[in-house]
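# Breakdown of the fold
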Amino acid sequence: MDWQELTDLTRGQPFVVERVRLAGSGVVVEGQFEPPQLAQLSADDQVFVAAFVRSHGSIKEMERIFGVSYPTVKSRLNRIAEHLNFVDTDPTPTGADVVDRLRRGEISVQEALAELERSR
């Protein structure tokens, strides 16, 4: 069974993989494994994301490939993004990070204190 069949079978419902067999060695691992986020998308959304990556994130190229307008591409990307958890691209600095920046002279004592206060 491939991912597309599995996502069709589950109809968008959350699922857990409990057994994995490595094809080359026959080794079996049992437990509870959550599939990757992209594998949890519908097959159509997986194709859309793959096309977006292959087009290097060009919305203009996506318009051409799918024959849809810019707002349609943006709307679909936004809808897909709602189903994905993203890595925090602006995490709160740790106390050690602030002290390191202070030692290197990148920030003043006042800036360090302000950052430490915000992180509480």
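A brief look at the structure comes next. Just so we're clear, the structure is a prediction, and the values are computed from it rather than from any experiment.

Along the protein, the regular secondary structure elements total 6 helices and 2 strands. Starting at the N terminus and ending at the C terminus, the protein contains elements arranged as α-β-β-α-α-α-α-α. Expected size for 120 residues packed as a compact globule is a radius of gyration near 14 Å; at 22 Å, the protein overshoots this value by more than 25%. For the C-alpha atoms alone, the extent of the protein along its principal axes is close to 60 × 45 × 25 Å. Taken over 120 residues, the protein has a buried fraction of 19%. Carbon together with sulfur atoms contributes 53% to the accessible area of the protein, which is approximately 9400 Å² in total. Charged side chains in the protein number 14 positive and 19 negative. The centres of these two groups are separated by 3 Å.

So, about the nonpolar core. With 10 residues, the main nonpolar core is built from L41, F48, V49, A51, I59, M62, V73, L77, I80 and L84. Taken together, the elements giving at least two residues each to this core come down to α2 (43-54), α3 (59-66) and α4 (70-81). With residues near it in sequence (within four places) discarded, I80 still touches L41, D45, F48 and V49.

Looking at the secondary structure, you find D45 in helix α2. Within the local environment of D45, its side chain forms a polar contact with the side chain of R76, the two groups lying 3.1 Å apart. Once you skip the residues sitting within four places of it in the chain, D45 turns out to touch R76, R79 and I80.

The next thing to look at is the packing of α2 against α4. α4 packs onto α2 with a crossing angle of 115° between their chain directions and a minimal axis gap of 11 Å. The pairing of α2 with α4 is recorded here as roughly perpendicular in orientation. For the pair α2 and α4, the crossing hand works out as left-handed. Residues D44, D45, F48, V49 and F52 of α2 form the contact with α4, whose participating residues are V73, R76, L77, R79 and I80. For the contact of α2 with α4, the class distribution of residues is 6 nonpolar, no polar and 4 charged.

The rules behind each value
Residues numbered from 1 in each chain as written. Predicted model: local features only at pLDDT ≥ 70, side-chain atom pairs only at ≥ 80, totals over all residues. Heavy atoms only, no water. Helix = DSSP H or I, 4+ residues; strand = E, 2+ residues; numbered from the N terminus. Rg over C-alpha atoms; globule rule 2.2 N^0.38 Å. Buried < 20%, exposed > 50% of the residue type's maximum accessible area, 1.4 Å probe, protein only. Areas by Shrake-Rupley, 256 points an atom, 1.4 Å probe, with all protein chains shown as cover. Lys, Arg positive; Asp, Glu negative; His and termini not counted. Charge placed at Lys NZ, Arg CZ, Asp CG, Glu CD. Core = buried A, V, L, I, M, F, W, Y, C linked by side-chain atoms within 4.5 Å. Contact = heavy atoms within 4.5 Å. Polar contact = N/O pair within 3.5 Å; in protein donor to acceptor, adjacent residues only side chain to side chain. Axes fitted to C-alpha atoms, helices over the stretch in contact; angles between N-to-C directions. Parallel < 35°, antiparallel > 145°, perpendicular 65-115°, else oblique. Left-handed = near helix turned anticlockwise from the far one by under 90°. Nonpolar A, V, L, I, M, F, W, Y, C, P; charged D, E, K, R; others polar.

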